[in-house]
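Coordinate analysis (summary)
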Amino acid sequence: MSTQTTATTCPYCGVGCGVLVDRDAAGTVSVRGNPEHPANFGRLCSKGSALAETLGLEGRLLTPEVNGQACDWDQALDTVASGFRRIIDEYGPDAVAIYGSGQLLTEDYYVANKLMKGFIGSPNIDTNSRLCMASAVVGHKRAFGADAVPVCYEDLELADLVVLTGSNLAWCHPVLFQRLRAAREQNPNLKVVVIDPRRTDSCDIADLHLPLRPGSDIALFNGLLTHLSRYGKVDYRFLEQHGNGFSDALEAAEQSGSLPETAFLCGLPEQDVLQFFRWFAATEKTVTVFSQGINQSSVGTDKVNAIVNCHLLTGRIGRPGMGPFSITGQPNAMGGREVGGLANQLAAHMDFTPEDIDRVRRFWDAPNIADKPGLKAVDMFEAIGRGEIKAVWIMATNPAVSLPDADKVRAALAGCELVVVSDCMRETDTARLATVRLPALTWGEKDGTVTNSERRISRQRRFLPAPGAARADWWIICEVAKRLGFAEAFDYVAPCEIFREHARLSGFENGGRRAFDIGALAEISAAEYEALTPFQWPRPAGSRTGQTRLYGEGGFHTPSGRAQLVPVSHQAPQNAPNPDYPLILNTGRVRDHWHTLTRTGKAPRLCAHMPEPLAQIHPSDAYRLGLLEGDLVSIESLWGKAVVRLRLDEQQQEGCVFVPMHWNDSFSAQACIDAVVNPARDPLSGEPEFKHTPVKVQSCRYQWHGFCLSRETVSPIGDYWTQLPVVNGQRLEFACSEGVDWHSWAQAQAPAEVEWLEFKDPGRGLFRLAAVQDNRLAFCLFIGPEPNLPEREWLTTLLSADSLSVNERLALLSGAPPAGTGSQGRTVCSCFGVGENTICAAVRAGCHSAKEITRQLKAGGNCGSCLPEIERLIAENKRERAA
Ligand code: SF4
């Protein structure tokens, strides 16, 4: 058998890059960008490039389990169905719920929603997409009458001004950032403005960075609206023909005051605010990209409308190079929205209006259909905690880690009568609380469709066989539906049949009233579905292609057909910093990781860039609080506490601390930052305020700090620990409050029959030990009373060495490479494993641009995700030389 190539889609972020997967006769898989996919044209970021390294079956859930005991599918499905039936009969349909995920394929989502809302008759199905873009959904519906993104990726390249607000595109949507970077090189007129309290890597290409005060976004965009009106930028023709609410929106915006008052409120220099306003006013082709920094707020919906108002006022929407652009976090957040995965929507973008309820009821032949909106994510888990929801089915997500006030979520699940978890991984923080675990397929094994941020529907295709007893989510849901007595409505044999029905429903009694319409695919055959190429919705019956942009010539989906400018006013976040909790916690993603690490945590090269959970804080704050680089610190709020490593970072705004969202109990002790996040949420969208929790940061005192590198898996130890894979082994970082017999612990962890090397300095509290087997490093342990232990990078490379040289053996317990050799330092380029020290040495030797670094070291030459960091290192080296 020769190499087989499968065209599929990346399972990580909302860019939705096309991926070509090559699988050779030996089963070896390699991954490359699909040059023909319109989202990425062949590009991939670090995460996408490393997909082939994440396909191993370690940690997979491969058999159904009931109460921790393996069983067959019949027993597991009967347990779920009988449990749901008993609770529904006893307490009514609202006592059960489904919590889904933007990782589900559209077909999975469709049947989950159909089962819960249509046939069980409960509206309680919500999704983790609530946590990333629900505010954009409500903002779109208020302004456009539909949850429709009016623009496309190409608009970033056609624009003359791109505003990134609440979006670290460089790390969270890297391929779009690459496209923007390339466009900027081609078009010297293209300006980029970044609005973000942090100076992120996205600022690498910014002409202007506005580090606004957290939570002041509405004031800034209201100030912009006022400026646009004052300086004659109102598009009266557009507003007369297509817009409502101009006067009210402007009146509300004017409350933000004069330019100096706006600048003061936002904590920004007046001239920078004016510069931004002038560029926006002068540039017709403007795209405003917004993401979680806008959405994840207790006033997220108003923030979205403050942005959209500026585009409507100027008529800059839906034409090439202009419009407001919500970029979603997850690969199929948009698909979930299309099928009604949110508790306050029905299906196919329909609402809980009498007409829509009746329409879907007739289409599904579902007399028991839910007739009111259900509970949104945070409310749903609160209802579980109160015992009102007694059975919950969680699919492809990890709410015990990812919801705010996460410890409360764990307690709620621990007390819930029936917790069903469908997942590909066995040991997630949520799966540990499950009554029933159902093994689901994952990327590479499952088949269906996803929709990216520009409304583009693409196929995700299978290229691997189903492992063990794992099954597709849609199959699992349909089997439970059949056992609940709904066999006729869930008698699908393939995802294509579900997609066909989904397409038919989207066009059913539509007539252009609903934006989401893919009726052209209502009769798609299995072969056509298999060969389906990416397209953008809407694509109503009779059309051969999708629609690139929306609303350029009006045609909004409000009852009047006109867009609505929404009056919004600046409001401070719900929970303000105070003397007890003086700093503002901001959470988010890092460059090489994804969600709760279940996939990226398998790839050593993705773990190298940030191997530990970090709190990033401005040096001035650290100085004030008596904290040092590398300290372990507690981040504590009214809701919970986490312990992470401190990194001083001048890119942070004073008064703020940034902690990544990824770490959880499977990878670290006490690093689940969402346990700290406040559960405040937007009253309209229900989206939580992940970017603004008052916290205090304090140093944690431990008796011992240590790290261990091992070829074999080691057991975590200590009050604090974090563990991730390295090439050919594992890295464990830890700290303990009490004494440990390190010798015995090491001997229990290391393989048998090794040669031990040992160094002790009791006076300084140092203990170092290495195990060598066949002249190869098998294990090493470094212990000291302070966190300032040797660099791990050189020692990590020794795990891959075929044999140790004499000098390496001699240097081993010093933790530093032998004289004359160096350590590459902290990994910067994860694609080629190039470290900070190597890059800095090249800069000192005369490389003065990222291009030269790439030419010499390859770093930055694959996915380009590390280019901003390389540029920063070059700049820092220049500054040091000049000093
Ligand atoms: Fe995947 Fe990266 Fe593309 Fe996002 S930008 S879809 S993570 S390759």
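About the cut-offs
Residues numbered from 1 in each chain as written. Predicted model: local features only at pLDDT ≥ 70, side-chain atom pairs only at ≥ 80, totals over all residues. Heavy atoms only, no water. 1 Å grid on protein atoms, 1.4 Å probe; cavity = no way out; pocket = protein on both sides within 12 Å on 5 of 7 lines; lining within 4 Å. Points joined across faces, edges and corners; volume = space filled by probe spheres on them. Helix = DSSP H or I, 4+ residues; strand = E, 2+ residues; numbered from the N terminus. Nonpolar A, V, L, I, M, F, W, Y, C, P; charged D, E, K, R; others polar. Phe/Tyr/Trp six-rings, centres within 6.5 Å; stacked < 30°, edge-to-face > 60°. Buried < 20%, exposed > 50% of the residue type's maximum accessible area, 1.4 Å probe, protein only. Contact = heavy atoms within 4.5 Å. Polar contact = N/O pair within 3.5 Å; in protein donor to acceptor, adjacent residues only side chain to side chain. Near = heavy atom within 4 Å. Sits in = over half its atoms within 2 Å of the grid points. Pairing = 2+ DSSP bridges. Axes fitted to C-alpha atoms, helices over the stretch in contact; angles between N-to-C directions. Parallel < 35°, antiparallel > 145°, perpendicular 65-115°, else oblique. Left-handed = near helix turned anticlockwise from the far one by under 90°.

A volume near 610 Å³ is recorded for the second largest pocket. In terms of lining, the second largest pocket is formed by 27 residues, of which the most central are E58, M425, G601, S666 and F667. If you tally residues by element for the lining of the second largest pocket, the top one is strand β28 (residues 720-726), at 4 residues. For the lining of the second largest pocket, the class distribution of residues is 8 nonpolar, 12 polar and 7 charged.

Here we come to empty space enclosed by the protein. Summed over the entire model, instances satisfying the criterion amount to 3 cavities of 30 Å³ or more. If you add up the space inside the second largest cavity, you get close to 90 Å³. Along the walls of the second largest cavity sit 13 residues, with C10, C13, C17, C45 and P174 positioned nearest its centre. Elements with a minimum of two residues in the lining of the second largest cavity: α1 (46-49) and α7 (174-186). Looking at the lining of the second largest cavity residue by residue, the class counts come to 10 nonpolar, 2 polar and 1 charged.

For the structure on display, the rule yields 27 aromatic pairs. On the basis of an interplanar angle of 75° and a centroid distance of 6.3 Å, the ring pair of F84 and W393 is categorised as edge-to-face. Residue F84 is found in helix α2 (residues 73-91), and its partner W393 is found in strand β14 (residues 391-395); the two are separated by 309 residues along the sequence. With a relative accessible area of 2%, F84 lands in the buried category.

Attention now moves to the environment of D147. When you line up the elements, D147 lands in the loop between α4 (130-144) and α5 (154-158). Residue contacts for D147: discarding those within four places in its chain leaves V137, H140, K141, R337, H349 and W537. A polar atom in the side chain of D147 sits 3.1 Å from the side chain of H140. Among the polar contacts listed, one links the side chain of D147 to the side chain of R337, at a separation of 2.7 Å.

Lining the immediate environment of the ligand, one finds C10, Y12, C13, V15, G16, C17, L44, C45, K47, G48, P174 and V175. Cavity membership is defined here by more than half of the atoms lying within 2 Å of grid points; on that basis the ligand lies in the second largest cavity. Contributions of two or more residues to the shell around the ligand are made by α1 and α7. Grouping the constituent residues of the shell around the ligand by class yields 9 nonpolar, 2 polar and 1 charged.

Among the 7 residues in β28, 7 count as buried, and that is most of the element. Of the two faces of β28, the one holding Y720, T722, L724 and V726 and the one holding W721, Q723 and P725 are both buried throughout. Sheet topology note: the β28/strand β29 (residues 729-736) ladder contains 7 bridges and is antiparallel. In the strand pairing of β29, T722 is matched with E733.

This part takes up the side chain of T722. Locating T722 in the fold gives a position in strand β28. Owing to a relative accessible area of 1%, T722 belongs among the buried residues under this scheme.

Turning our attention to the sheet that holds strand β15 (residues 418-423). The 7 strands lie next to each other as β5-β4-β16-β15-β14-β6-β7, forming an open sheet whose pairing is mixed. Among the strands making up the open sheet, the edge pair consists of β5 (69-70) and β7 (125-127). Relative to β5, strand β4 (residues 65-66) runs antiparallel, the two being bridged by 2 bridges. Counted as the bridge partner of E65 is A70 from β5.

Axes are the key here: two packed helices are described by the angle between their axes and the distance separating the axes. The N-to-C vectors of helix α17 (residues 377-385) and helix α19 (residues 406-414) enclose an angle of 45°; their axes lie 8 Å apart at closest approach. Relative to α19, the element α17 lies oblique. Where α17 crosses over α19, the handedness of that crossing is left-handed. Between α17 and α19, the residues in contact are F381, E382, I384 and G385 and K408, V409, A412 and L413, respectively. Considered class by class, the residues forming the contact of α17 with α19 number 5 nonpolar, 1 polar and 2 charged.

So, about the packing of helix α8 (residues 217-230) against helix α12 (residues 270-282). Between α8 and α12, the least distance of the axes is 10 Å, while the angle of their chain directions is 55°. As far as their axial angle goes, α12 and α8 are oblique. Between α8 and α12 lies a crossing of right-handed hand. Judged by residue contacts, L220, F221, G223, L224, H227 and L228 of α8 engage V273, L274, F276, F277, R278, F280 and A281 from α12. Looking at the contact of α8 with α12 residue by residue, the classes come out as 10 nonpolar, 2 polar and 1 charged.

So, on to the pairing of strand β9 (residues 191-195). Of all 5 residues in β9, 4 are buried, a share of seventy percent or more. As judged from the 5 bridges shared by strand β8 (residues 161-165) and β9, these two strands associate in the parallel manner. When the bridges of β9 are listed, V162 appears paired with V192. When β9 meets strand β10 (residues 208-210), the two strands line up parallel, connected through 3 bridges. Looking at β10, one finds that V193 is bridged to L208.

Quick look at the sheet that holds strand β1 (residues 4-9) now. A sheet is described by the order of its strands in space; here 3 strands give the open sequence β1-β2-β3, paired in antiparallel fashion. A single partner strand is all that each edge strand has here, and the edge strands are β1 and β3 (29-33). With strand direction ignored, the average angle separating the axes of adjacent strands in the sheet is 25°. Taken together, the 6 bridges between β1 and strand β2 (residues 18-23) define a ladder with antiparallel strand orientation. Looking at the pairing, T8 lines up with V19 of β2.

Let us now look at the environment of K376. The residue K376 is located in the loop between α16 (354-364) and α17 in this model. Here K376 falls in the buried class, since its relative accessible area comes to 17%. On a C-alpha basis, the gap between K376 and N124 in space is 7.8 Å, while along the polypeptide they are 252 residues apart. Leaving out residues up to four positions away in the same chain, K376 has contacts with D126, R130, A343, N344, L684, S685 and G686.

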